[in-house]
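Overview (structure and organization)
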There are 2 protein chains.
Amino acid sequence: MKIRILKNELNESIQHVSKAISSRTTIPILTGIKLDVNFQGMTLTASDTDVSIQAFIPVEDNNKQIVKVERAGSVVLPAKFFVEIIKKLPSQEIEMEVQEGFQTLIRSGSTEIVIVGLDPEEYPILPAIEEDQMISMPGDLLKNMIKGTTFSISSNETSPILTGVLWNLSEGQFKFVATDRHRLASRAIALQSEDVRFSNIVISGKTLNELSKIIPDQNTVVDIVVADNQVLFKIDRVLFYSRILDGTYPDTSKIIPTTFKTELVLDTKQLSESIDRAYLLSREEKTNIVRLQTLEDGSIEISSSSSELGKVTEQLAVSQFSGDPLKISFNSRYMLDILKVVESEQLHIGFTGAMSPIIIKPMDDSQSLYLILPYRTSN
Amino acid sequence: MKIRILKNELNESIQHVSKAISSRTTIPILTGIKLDVNFQGMTLTASDTDVSIQAFIPVEDNNKQIVKVERAGSVVLPAKFFVEIIKKLPSQEIEMEVQEGFQTLIRSGSTEIVIVGLDPEEYPILPAIEEDQMISMPGDLLKNMIKGTTFSISSNETSPILTGVLWNLSEGQFKFVATDRHRLASRAIALQSEDVRFSNIVISGKTLNELSKIIPDQNTVVDIVVADNQVLFKIDRVLFYSRILDGTYPDTSKIIPTTFKTELVLDTKQLSESIDRAYLLSREEKTNIVRLQTLEDGSIEISSSSSELGKVTEQLAVSQFSGDPLKISFNSRYMLDILKVVESEQLHIGFTGAMSPIIIKPMDDSQSLYLILPYRTSN
């Protein structure tokens, strides 16, 4: 392999694929990034076996030459050093040449670097994927669904299935659900998918957050291919492979109440600021417990207390109030996580009693739903 | 104590004094901020015994009423919670009232907070300082001298005196020196101080960095009062007290060579980028060793190598070169720390041999000097 390549383009692709590099890998070859050069361009590959990312740099783009290939070939280079050094090279033009024993010479300006490379034959081959189950959606919508659900995944590795986000696609609806047994987040969109449908696909929440970072903010379409045991995301010239998690996701539909005994409509920002203040105190008690109580004048009171520090009491106007008076306690951190992703100015909170799930819905988005289990305290 | 006070002004003063709060204090009352209110205004005090900070909020400033005092008095409030809650109060106006047993009621908008306060009589009294040894200097100059020296202090608590910066004022020169025995940084300025002079005052480098954060960027004059065992900095309405470190600072004047066998003048930015690339590799070997070698064509070569990763070789043009050919090895991290604070476009490096101190001086600042001890390697 012997090429000239432009620094910015190489750097961008390295940044994309390096997100698949795990510092905890026990397979030495996977600490590297694989480069494959042919006369169409360069393909970079990185993997931690659960996630694999591939980026392609064409020899030419918009009539601009990006790679000049003198000799095709492959090599695996140590990711950590390669990622940092390319960024810091002095010139926009980089020469790379793989020599005897995969030693790789990199030249840029008056800088000369020799990197000890590894044999690309040792690098695992990415499994082929059949593309008959493919859907397409706008990238920003996908990012939004990821952000709106992954905060509710479990961080506890003892129930690995709950570290994932559940996907279902049927009857024109594409739905994400995440829960850690104490709270639940669910978002859906309408999606015309013709013959494609799938159910109970679970994908790691952490992986989805990494995927989000690769999806550009501007108008991009992401193609999603669902295969037997993995999902492939195609974003421009980047291919992002994620393993599907093994196991059966719990049926969450039964725990979501549909009728309520008490209903409130509130201003999202006011509620958020109010709970944030109560949280500051509840945090000191480690429990994060905040109390919500309806008052006789139709407003509500948010409060928390700490034996050592004192107490916070907030009175909050509500836009609508119906049903029974209520006193309920919940984890303020969970509520703040939800309020952070609600974009609607107003939200609806439904209660079926002090011991039953609290349901939060943005007022102008019927496809999102959040649930928190209350604390079973005596007050 | 019963007052009304404006949120932004209170918050700003809290931010200042809270820098003296240590999370590791073993004295419970010092986890709090002391508030003293009289009819002139409010004084806030925080201390970790080594550093004490006081901020004064006048009842009126520029004809704007800031504090309305209904009843004078004092209280100590838990710093961590107080710092965060004031910032997040809903209204610009805050009511504070100390009640029975130092319970403190805070009201803002429809938020009501009760904080468990502590008895201000238990709070240590700040020692009085005689102000006969006072100098004044521009705040940005002081910040610059702090930034230009504190990076060279020792982080090793076994020689506490080296965790400080040495101050000397005599014959119109005010000088800072810091060293950790492997490197040294020294900066001086001309300062007309009339009768004031002092020698071998040592102040904690960490404390000086905290002080830096309080000094505003715009034109401020800082008054510095040097007393028996402490130094007081006056910045607008903030008083910053620092303990003087006990012990004798080593005499560093003898280790600084004044004649050189090899001298180079180099572009600061080019050298910095070049060593940064070599550092990336040297870091992997934990030693951070980089080699500098003069070449026959009058340029220099910067290089580093790692048995596992490979090597980096950089050729660098020099503006001036005089003296003997040279090969020397040093810690690239130390050199980068220096290059970060050198503002001059070009710098002078003087060598007296591969085993002797390296002296770095900015070309247009004769009052700054940096020293690195080389590695005693065979090449």
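Residues numbered from 1 in each chain as written. Chains lettered and ligands numbered in written order. Predicted model: local features only at pLDDT ≥ 70, side-chain atom pairs only at ≥ 80, totals over all residues. Heavy atoms only, no water.

The name given to chain A in an unreviewed UniProt entry is Beta sliding clamp, with Paenibacillus turicensis as the source organism. Its UniProt record gives chain A the following Subunit (unreviewed entry) comment, quoted word for word: "Forms a ring-shaped head-to-tail homodimer around DNA." Annotation of chain A in UniProt includes, under Sequence similarities (unreviewed entry), the sentence "Belongs to the beta sliding clamp family." (UniProt positions renumbered as here; feature names shortened; annotations may be inferred.)

What about the interface of chain A and chain B?
The interface of chain A with chain B comprises 30 residues on the first partner and 30 residues on the second. For the pair chain A and chain B, the summed buried area comes to about 2,600 Å², and 54% of that belongs to carbon and sulfur atoms. Three residues, Phe-81, Arg-277 and Leu-309 of chain A, lead the burial of chain A against chain B; their summed loss comes to 22% of the area buried on that side. Run the count over chain A and chain B and you get six salt bridges. (Contact = heavy atoms within 4.5 Å. Buried area = accessible area lost by both parts, 1.4 Å probe. Salt bridge = Lys/Arg side-chain N within 4 Å of Asp/Glu carboxyl O.)

A few points about unusual backbone geometry
Located in the positive-phi region is Asn-63 of chain A, a residue other than glycine, with phi close to 65 degrees. Positionally, Asn-63 of chain A belongs in the loop between strand E5 (60-61) and strand E6 (64-65). Within the chain, Arg-181 of chain B stands out as a residue other than glycine whose phi angle is a positive 80 degrees. In this structure, Arg-181 of chain B sits in the loop between strand E14 (173-179) and strand E15 (183-190). (Helix = DSSP H or I, 4+ residues; strand = E, 2+ residues; numbered from the N terminus.)

Focus: the packing of helix H5 (residues 268-282) of chain B against helix H6 (residues 332-341) of chain B
Residue and element names in this part refer to chain B. In the contact formed by H5 and H6, the axes pass within 9 Å of each other and the chain directions differ by 150 degrees. With respect to each other, H5 and H6 are oriented roughly antiparallel. Note that H5 runs across H6; the crossing there is left-handed. Touching Thr-268, Leu-271, Ser-272, Ile-275, Asp-276, Tyr-279 and Ser-282 of H5 are Ser-332, Arg-333, Met-335, Leu-336 and Leu-339, all from H6. Here the contact of H5 with H6 is composed, by residue class, of six nonpolar, four polar and two charged. (Axes fitted to C-alpha atoms, helices over the stretch in contact; angles between N-to-C directions. Parallel < 35°, antiparallel > 145°, perpendicular 65-115°, else oblique. Left-handed = near helix turned anticlockwise from the far one by under 90°. Nonpolar A, V, L, I, M, F, W, Y, C, P; charged D, E, K, R; others polar.)

Some points on the packing of aromatic side chains
Under the definition given, this model contains 14 aromatic pairs over all chains. Plain terms: the ring middles of Phe-174 of chain A and Phe-176 of chain A are 5.3 Å apart, the flat faces sit at 85 degrees to each other, and that makes the pair edge-to-face. When sorted by exposure, Phe-174 of chain A lands in the same class as Phe-176 of chain A, which is buried. Ring centres 6.0 Å apart and planes at 80 degrees place the aromatic pair Phe-233 of chain B and Phe-240 of chain B in the edge-to-face group. Through a chain of ring-to-ring contacts, three or more aromatic side chains come together here, namely Trp-167, Phe-174, Phe-176, Phe-198, Phe-233 and Phe-240 of chain A. Directly above the ring of Tyr-279 of chain A sits Arg-333 of chain A, whose terminal nitrogen or CZ lies 5.0 Å from the centroid. (Phe/Tyr/Trp six-rings, centres within 6.5 Å; stacked < 30°, edge-to-face > 60°. Buried < 20%, exposed > 50% of the residue type's maximum accessible area, 1.4 Å probe, protein only. Lys NZ or Arg CZ within 6 Å of the ring centre and 35° of its normal.)

Examining the relation of the copies chain A and chain B
Rotating chain A by 180 degrees and translating it 0.0 Å along the rotation axis places it on chain B, where the RMSD comes to 0.0 Å. Such values leave the two copies arranged in the relation of a two-fold axis. Scanning chain A for the C-alpha nearest the rotation axis identifies Ser-23 of chain A, at a separation of 16 Å. Here 100% of the interface residues in chain A have copies in chain B that are interface residues too; the copies meet face to matching face. (Least-squares fit on C-alpha atoms with pLDDT ≥ 70 in both.)

Let's talk about the pairing of strand E9 (residues 93-98) of chain A
Residue and element names in this part refer to chain A. Direction of pairing for strand E1 (residues 2-6) relative to E9: antiparallel, over a ladder of five bridges. If you follow Lys-2 over to E9, its bridge partner there is Glu-97. Pairing between E9 and strand E10 (residues 103-108): four bridges, direction antiparallel. The partner of Glu-95 across the bridge, within E10, is Arg-107. Counting the residues that bridge the hairpin from E9 to E10 gives four residues, and of these Gly-101 lies at a positive phi of roughly 65 degrees. (Pairing = 2+ DSSP bridges.)

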